[in-house]
Amino acid sequence: MITEDMLQAAAHEADKALQDSLFDLAKSEHIFSKRFERKIRKLIRRARHPVATVVFRRAVCVCQIVILIFGVWLLADAEARTAFLNWTRRQYESFYEYRANDSSNKTDYSLSWLPDGYTLSYTRELSGNTVQVYEKEDGLRIYFSYSTEADSSSLFVESDYVLCQTVELGDVKADFYRAKTENVSNVLIWTSPDGSTLFSISAFLEQDQLVQIAKNIKVQE
Amino acid sequence: MLIFLQMIETPQEKSKFEILYQQYRNLMFSIARQILKNDQDAEDAVHQAFVKIAENIKKIDEPISPQTKSYVVTIAENKAIDIYRKHQRHMTIALTEEVHGLEVNTEGIGDLAGCILKLPGRYREMILLRYHHGYSIQEIAKMMGISVSAANKLNQRAKNRLRDLCREEGLI
């Protein structure tokens, strides 16, 4: 029987041994690549401008109608299963939920067409859900997300500020959420033809531009 | 991303983050390099680790301390294993949890501590974050970028594996 106290004491001892074993590693000096230094400079720059960060955060709070909450949602309702094979959409009083029904293989994607001025700013991965942020010099952003590892994941769209309509992306139907006010971004959500991957794009762009971006998503090698 | 942007807000936290970066980046790189055997992947792991550290900057009291060093080492190893797992897509989650992290010499240390160090990296990180650093399952889930239920399962599996190892070693 291993008690919690025993575990705690042993964990302290194990940690000390681990630290001691790092002595040689700590001495080595690596010359970091320019790419790495650039990313870290960005990280530190954001840290240096807390006020701007707060203002930006507030602006994002206003404009961001897609709340990307990939969390645990203990819910299952057969009636809610609609056109999607592995993802279902369910409408609640104030939001739409996209929920995965099954797990699938992870494939990475990127945008091969972007409106002028946008470049990839950073990518964030959370348990099989990937968010890529493309940014312009004036601060406008495109949020592109996809989720292929579908275990217990949900994506929510606040419905108070949008009108939903169906648009076509080749053979696939997509949900286009047009913002009701100009300080809210438009959103496009759809699944891959086999239903295994849920995509979303959120940006201050018109429907035709979002559709064009969506049509030009490519699989990363 | 948004979560990260919300994290570092005060000049003190900014300064703390820069100190951490200067102090530990090489160590973190060496750890990630040992697991990933590739410079670029190792740098990606270090970057992801710093993003996680930024998110949890409020939890760090003293940037240069054994406790903080242990914490950044654990996060760097965790992110390196994440990237390793990403490269091994054909493997199942259960198998990828078996990835071994840092090699540690277990000579001369207690039996139970030795068993902790023999655990696969992911399990060892869970035990150290939980029982050495004292983080809650919720906090660890956030650090590892997994759901609370996945962190709970990982915690259980880590303890089960530790128990099995102790049985094999004749400790229980």
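Calculation notes
Residues numbered from 1 in each chain as written. Chains lettered and ligands numbered in written order. Predicted model: local features only at pLDDT ≥ 70, side-chain atom pairs only at ≥ 80, totals over all residues. Heavy atoms only, no water. Helix = DSSP H or I, 4+ residues; strand = E, 2+ residues; numbered from the N terminus. Buried < 20%, exposed > 50% of the residue type's maximum accessible area, 1.4 Å probe, protein only. Contact = heavy atoms within 4.5 Å. Areas by Shrake-Rupley, 256 points an atom, 1.4 Å probe, with all protein chains shown as cover. Axes fitted to C-alpha atoms, helices over the stretch in contact; angles between N-to-C directions. Parallel < 35°, antiparallel > 145°, perpendicular 65-115°, else oblique. Nonpolar A, V, L, I, M, F, W, Y, C, P; charged D, E, K, R; others polar. Phe/Tyr/Trp six-rings, centres within 6.5 Å; stacked < 30°, edge-to-face > 60°. pLDDT = per-residue confidence, 0-100. Salt bridge = Lys/Arg side-chain N within 4 Å of Asp/Glu carboxyl O. Core = buried A, V, L, I, M, F, W, Y, C linked by side-chain atoms within 4.5 Å. Domains from an automatic or database assignment. Pairing = 2+ DSSP bridges.

Undergrad: An account of the overall build of chain B is needed here, citing residue identities and associated values.
TA: Assigned secondary structure in chain B consists of nine helices and zero strands. Each helix (α) and strand (β) of chain B, taken in turn from the N terminus, gives the series α-α-α-α-α-α-α-α-α. Counting all 172 residues of chain B, 58% fall into the buried class. In chain B, the proportion of contacts linking residues at least 24 apart, taken out of those at least 6 apart, comes to 65%.

Undergrad: Explain the overall build of chain A residue by residue, including any values.
TA: The number of helices and strands found in chain A is five helices and 13 strands. The burial tally for chain A puts 47% of its 221 residues in the buried class. Within chain A, residue pairs in contact and separated by at least 24 positions form 53% of the contacts whose partners lie at least 6 positions apart. Split by element, the accessible area of chain A, about 11800 Å² in all, is 51% carbon and sulfur.

Undergrad: Tell me what's going on with the packing of helix α7 (residues 121–132) of chain B against helix α9 (residues 148–168) of chain B, and back it up with residues and numbers.
TA: All names here are of chain B. Packing of α7 against α9 brings their axes to within 9 Å, and their N-to-C directions diverge by 100°. Looking at the two axes, α7 sits roughly perpendicular to α9. Contacts between α7 and α9 pair R122, Y123, M126, I127, R130 and Y131 from the former with A151, L154, N155, R157, A158, K159 and R161 from the latter. Classifying every residue of the contact of α7 with α9 gives seven nonpolar, one polar and five charged.

Undergrad: An account of the packing of aromatic side chains is requested, with residue identities and associated values reported.
TA: Scanning the model with the defined rule gives 12 aromatic pairs over all chains in all. With centroids separated by 6.5 Å and ring planes inclined at 25°, the aromatic side chains of F36(A) and Y21(B) adopt a geometry described as stacked. Taken together, the residues F36(A) in helix α3 (residues 34–48) and Y21(B) in helix α2 (residues 11–36) connect one chain to another. Each member of the pair, F36(A) as well as Y21(B), carries the same accessibility label: buried.

Undergrad: Go over helix α6 (residues 111–118) of chain B, please, and point to the residues and values.
TA: Most of α6(B) is tucked away: six of the eight residues are buried. Among the residues of α6(B), those classed as buried are L112(B), A113(B), G114(B), C115(B), I116(B) and L117(B). Where the residues of α6(B) are buried, they touch α1 (4–21) of chain A together with α7 and α9 of chain B.

Undergrad: Which residues make up the confidence of the model for chain A, and what values do they have?
TA: Residue and element names in this part refer to chain A. Per-residue confidence for chain A gives a mean pLDDT of 74; residues scoring 70 or more make up 65%. Here helix α4 (residues 50–63) is the element of chain A with the lowest mean pLDDT, 45, and helix α5 (residues 207–215) is the one with the highest, 94. Across residues 49–85, confidence stays below pLDDT 50; counting only partners more than four residues off in sequence or on other chains, it has 77 contacts.

Undergrad: Help me get a handle on the pattern of salt bridges, residues and values and all.
TA: Considering all chains together, one arrives at 16 salt bridges over all chains under this definition. Salt-bridge contacts for K16(A) lead to D20(A); the nearest nitrogen and oxygen are separated by 3.1 Å. Of the two residues, K16(A) and D20(A) are both situated in helix α1; the distance of four residues between them amounts to about one turn of the helix. Assessed through its relative accessible area of 48%, D20(A) is described here as partly exposed. A salt bridge links R25(B) to E37(A); the shortest N-O distance between them is 3.5 Å. With R25(B) in helix α2 and E37(A) in helix α3, this pair bridges two chains. In the salt-bridge network here, residues are joined through shared partners; they are R35(A), K39(A) and D44(B).

Undergrad: Mind laying out the nonpolar core, listing which residues take part and the relevant values?
TA: Residue and element names in this part refer to chain B. In terms of nonpolar packing, the biggest core is built from 70 residues, with M28, F50, I53, Y71, I116 and L162 touching the most fellow members. Here this core takes 11 residues from α2, the largest share from any one element. Shared between two domains, this core takes at least three residues from each, and those domains are domain 1 (8–99) and domain 2 (104–172). Excluding residues that lie within four positions of it along the chain, M28 makes contacts with V46, A49, F50, I53, V72 and A76.

Undergrad: Explain the environment of E169(B) residue by residue, including any values.
TA: Structurally, the position occupied by E169(B) is in the segment after α9. Taking the C-alpha atoms as reference, E169(B) lies 8.4 Å from C115(B); in sequence the two are 54 residues apart.

Undergrad: If you had to explain unusual backbone geometry to someone new, which residues and values would you point to?
TA: Residues and elements named next belong to chain B. With phi around 55°, K37 is a residue other than glycine that occupies positive phi space. Tracing the chain through its elements places K37 in the loop between α2 and α3 (39–55). The exposure class assigned to K37 is exposed, which follows from its relative accessible area of 58%.

Undergrad: Just give me the short version of the pairing of strand β9 (residues 162–169) of chain A, but keep the residues and values in it.
TA: In terms of strand pairing, β9(A) meets strand β10 (residues 172–179) of chain A through eight bridges, oriented antiparallel. When the bridges of β10(A) are listed, V162(A) appears paired with A179(A).

Undergrad: Could you give me a rundown of the side chain of K79(B), with the residues and numbers involved?
TA: Tracing the chain through its elements places K79(B) in helix α4 (residues 66–87). Once residues lying within four places of it in the same chain are set aside, the contact partners of K79(B) are A45(B), Q48(B), A49(B), K52(B), M143(B) and M144(B).

Undergrad: So, α7(B): which residues are in play, and what are the values?
TA: An α-helical turn contains 3.6 residues, so any two residues separated by three or four positions project in the same direction. Residue and element names in this part refer to chain B. In terms of burial, α7 is a largely internal element, 11 of the 12 residues being buried. Residues G121, R122, Y123, R124, E125, M126, I127, L128, L129, Y131 and H132 constitute the buried set of α7. Directly beyond the C-terminal end of α7, a positive phi value near 80° is found at G134.

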